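Each chain, letter by letter, is given below.
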Amino acid sequence: MLFKASALAFYILSTLFISSFVIIFVVTVLLAALDFWVVKNVSGRILVGLRWWNEIDDMGESVWKYESLDQESLARINKKDSWLFWWTLYLTAAAWIILGIFALIRLQADYLLVVAVCLSLSTANIVGFTKCRKGEKP
């Protein structure tokens, strides 16, 4: 949650203190990428017992892999942690959508690009974990 909050806070507050768009872009996207990695590889496993990834097979095709804990282990997961994981996943994407609407209204295509990158990372985690939770087979 630290990287989610940091990316959003930096994006929102940076325009007040930093005049360089490049710095805003790089730092915001870096924080969002760190959040993507931590949620996908650490938080998802610990808080909800889910994991997903993508591999390229011998034929050069993209293959999605989904993994979850067994039912006994899933029953031991703290419900509050699970609830926090799912809500922050969805609320972060909603926050990026709202910020994207503001950038669109202000006709700031450059800031819309930052939001699009961050939203795509959030959406990738939402899709991956949702498919994994539903037990979808690749």
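Residues numbered from 1 in each chain as written. Predicted model: local features only at pLDDT ≥ 70, side-chain atom pairs only at ≥ 80, totals over all residues. Heavy atoms only, no water.

### Thoughts on the confidence of the model for the protein
Part 1: Mean pLDDT for the protein: 86, with 96% of residues reaching 70 or above.
Part 2: Model confidence for the protein, summarised as mean pLDDT per element, is weakest for helix α3 (residues 71–75) at 70 and strongest for helix α5 (residues 109–133) at 91. (pLDDT = per-residue confidence, 0-100. Helix = DSSP H or I, 4+ residues; strand = E, 2+ residues; numbered from the N terminus.)

### Points about the pairing of strand β2 (residues 62–68)
Part 1: Pairing of strand β1 (residues 50–56) with β2 involves seven bridges; the strand directions are antiparallel. Directly across from Arg51, in β2, lies its bridge partner Glu67.
Part 2: Here β1 folds back onto β2 in antiparallel fashion, the turn holding five residues, of which Gly60 has a positive phi close to 85°. (Pairing = 2+ DSSP bridges.)

### Comments concerning the pattern of salt bridges
Part 1: If you walk through the whole model with that rule in mind, you get one salt bridge.
Part 2: With a closest N to O distance of 3.2 Å, Asp35 and Lys4 form a salt bridge. With a gap of 31 residues between them, Asp35 in helix α2 (residues 21–48) and Lys4 in helix α1 (residues 2–17) connect regions that are remote in the sequence. Both residues of the pair, Asp35 and Lys4, belong to the buried class. (Salt bridge = Lys/Arg side-chain N within 4 Å of Asp/Glu carboxyl O. Buried < 20%, exposed > 50% of the residue type's maximum accessible area, 1.4 Å probe, protein only.)

### Description of empty space enclosed by the protein
To find the voids left in a structure, one rolls a probe of water-molecule size over its atoms.
Part 1: What the rule picks out here adds up to one cavity of 30 Å³ or more.
Part 2: Together, Phe3, Lys4, Ala7, Ala32, Asp35, Phe36, Thr92, Trp96, Cys118, Leu121, Ser122 and Asn125 line the largest cavity.
Part 3: When contributions to the lining of the largest cavity are tallied by element, the ones reaching two or more residues are α1, α2, α4 (79–105) and α5.
Part 4: The element best represented in the lining of the largest cavity is α5, accounting for four residues.
Part 5: Taken together, the residues of the lining of the largest cavity sort by class into seven nonpolar, three polar and two charged. (1 Å grid on protein atoms, 1.4 Å probe; cavity = no way out; pocket = protein on both sides within 12 Å on 5 of 7 lines; lining within 4 Å. Points joined across faces, edges and corners; volume = space filled by probe spheres on them. Nonpolar A, V, L, I, M, F, W, Y, C, P; charged D, E, K, R; others polar.)

### What about unusual backbone geometry?
Part 1: One non-glycine residue, Leu107, adopts positive backbone phi at about 60°.
Part 2: Topologically, Leu107 is positioned in the loop between α4 and α5.
Part 3: The exposure class assigned to Leu107 is exposed, which follows from its relative accessible area of 76%.

### A few points about the packing of α2 against α5
Part 1: For the pair α2 and α5, interaxial distance at closest approach is 10 Å and the crossing angle is 5°. Judged by the angle between their axes, α2 and α5 are roughly parallel. Residues Phe21, Ile24, Phe25, Thr28, Val29, Ala32, Ala33, Asp35, Phe36, Val39, Lys40 and Gly44 of α2 form the contact with α5, whose own contacting residues are Asp110, Tyr111, Leu113, Val114, Val117, Cys118, Leu121, Ala124, Asn125 and Phe129.
Part 2: In terms of residue class, the contact of α2 with α5 is made up of 16 nonpolar, three polar and three charged. (Axes fitted to C-alpha atoms, helices over the stretch in contact; angles between N-to-C directions. Parallel < 35°, antiparallel > 145°, perpendicular 65-115°, else oblique. Contact = heavy atoms within 4.5 Å.)

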